[in-house]
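# A closer look at the structure
Here is how the chains run, residue by residue.
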Amino acid sequence: MKLQRNNGLRATALAALAVSGALVLTACGSDDNAGGSTGGTGNKSNAASNVKCDDAKGQLMASGSSAQKNAMDLWVKDYMAACTGAQVNYKASSSGEGIVAFNQGRVGFAGSDSALKPEEVAESKKVCTGGTGINLPMVGGPIAIGYNLPGVDSLILDAPTLAKIFDTKIKKWDDPAIAKLNPGVKLPGTPIQPYHRSEDSGTTQNLGKYLSKAAPDAWKYEPEKKWPAPGGQAASGSSGVAAQVKSVAGSIGYFELSYATSQSIPTVDISTGAGAPVKATPENASKAIAAAKIDGTGKDLALKLDYTTKADGAYPLVLVTYEIVCDKGNKAETLGAVKSFLTYTASDEGQKLLSEAGYAPIPQEINAKVRETVAGLQ
C-alpha cells in the first residue's frame, strides 16, 4: 500500500520534527515491497545516499506491528535501492504475531507496540544464543480515534466517555455524555458501532493502558493485547479497523494516525483537563512522549509513558513502537542486514522520511541510546 503524501501531512510532520528533535524508528518493509536482490552491497542511490550497507546481504525477514507499516514502506524502498544485495521483507500482521515469530527464530527482528513481557523475554533466550530479546523504541505516534458520523466534522470526547463507548455502555451518538462535551453540535441519534482489533495487538494494549489510567472508574479491564470488552465488532489490523470506520456510518475505531490521514477519516479531539481539547497530531503526541522515562534495564530501552498528562497540547493516547532484537546471539547470516538497516532508519536521513509519514519523534536523549545499542548488536 503506498502512503498518501499531501502537503498538509508533510507540514505537520516536519513541524513535529522541529519541535522534538531527531526521530528514530526501525523495522523493515512490507510484502508490498518484496523484491529480488541484484548487484553488490555497496551500491547507493540518490534516494538514500548516506546508507552504509556494510555486510548487509541476502534476505532479512521481519514481522509484527501494523501501526508502523506505512513508515516501513518508505524505509524499505530507499534502503533496498541503496543496498541492492539485501532484500528486506516486513509482514505487517500484529504485535503479538511478530513476537511469536521472533521467539520462534523465524524473523531477524519484530515490531511491537508494547514491550516484551517477562515470560516473552525468558522465551527469547532460546533463540538469542548467549543473549536476550530487548526493546528498542523506534517511533512514537498518536493512536487516533477515527469516527464516521455524517454532518459532524468536529468531535470532542474524554477518557471516561471513550471507555463507555468501547465498552458499549454508551450506545447512541446523541447520548447526554457526548452532547455535554460538544455544545452546539447537532448529534444524530445514530447507534454507535465501535470497532476493535480481532487479533492480539499492541495498539489495543496501549488503548487499554490509556483508558485504565485516565478512566479507571469506567474501564475495569486489564490492558492486554487481546480485546477484553464484550460487544462491538472486530476487524483485522489497523488497516481493517480503518476500512470499517471509513465505510460504516455511525462507527468509531482506533488506529495509527496515518491510516486516518490517508483515508480522510475525521479524528476525535481528546479533553484531558488541559486548557483546550487536544488534537491527534504528531507534534501533540511528541509532547506527551517527551515525558516518558526508560523503564528497562541494561540494553533494554522499554519506556514508561504518562497517560494521564494534562499538559497543554499533549495528546495522551500514544503508542511507542519497539523493534525487538537480540542484544547478543543474532543469526550470523542476518546480523549484518539488521545492523545496517536499523542504522539507516535511525539516521537523520531515515528520520526525515518518517516525518513525512505523520509519526512522532522519540525524544533525542532516548534516541541516542537506541543508536548506541544498534551499533553494539552481536
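Here the structure is shown first, and the text comes after it.
Here goes a summary of the coordinates provided.

## Observations concerning the nonpolar core
Ranked by size, the top nonpolar core spans 62 residues in total, and within it I145, L155, L162, I178 and I252 carry the most contacts. Top contributing element to this core by residue count: helix α5 (residues 159-166), with 5 residues. For L162, the contacting residues outside a window of four places in its chain are I145, L157, Y210, L211, I252 and I270. Counting residues in each nonpolar core, the second largest holds 36 residues, with A71, L74, M80 and M138 among its members.

## Concerning the pattern of salt bridges
For the structure shown, the criterion picks out 7 salt bridges. Where E120 meets K225, a salt bridge forms, and the shortest distance between an N and an O atom there is 3.7 Å. Residue E120 is found in helix α4 (residues 118-124), and its partner K225 is found in the loop between α7 (202-214) and β7 (233-235); the two are separated by 105 residues along the sequence. Neither E120 nor K225 differs from the other in exposure class; each is buried.

## A few points about the environment of T190
Residue placement: T190 occurs in the loop between α6 (176-181) and β6 (193-197). As a C-alpha pair, T190 and W173 span 17 residues in sequence and 5.7 Å in three-dimensional space. Leaving out residues up to four positions away in the same chain, T190 has contacts with L149, K171, K172, W173 and G250.

## Brief notes about helix α13 (residues 364-375)
Compared with the 16 Å implied by 1.5 Å per residue over 12 residues, the 17 Å span of α13 between its first and last C-alpha is a close match. Listing the buried residues of α13 in full gives I366, N367, V370, T373 and V374. Viewed along the axis of α13, the buried residues span an arc of 120 degrees, placing them on a single side of the element. Those residues of α13 that are exposed and angled more than 90 degrees off the buried face are Q364, E365, E372 and A375. Contact partners of the buried residues in α13: β4 (133-147), β10 (293-294), β11 (303-304) and α11 (332-345).

Rules behind the numbers
- Residues numbered from 1 in each chain as written.
- Predicted model: local features only at pLDDT ≥ 70, side-chain atom pairs only at ≥ 80, totals over all residues.
- Heavy atoms only, no water.
- Core = buried A, V, L, I, M, F, W, Y, C linked by side-chain atoms within 4.5 Å.
- Buried < 20%, exposed > 50% of the residue type's maximum accessible area, 1.4 Å probe, protein only.
- Helix = DSSP H or I, 4+ residues; strand = E, 2+ residues; numbered from the N terminus.
- Contact = heavy atoms within 4.5 Å.
- Salt bridge = Lys/Arg side-chain N within 4 Å of Asp/Glu carboxyl O.
- Expected span 1.5 Å × (residues − 1).
- Arc of directions from axis to C-beta.

Purely spatial values, then, with no claim about function.
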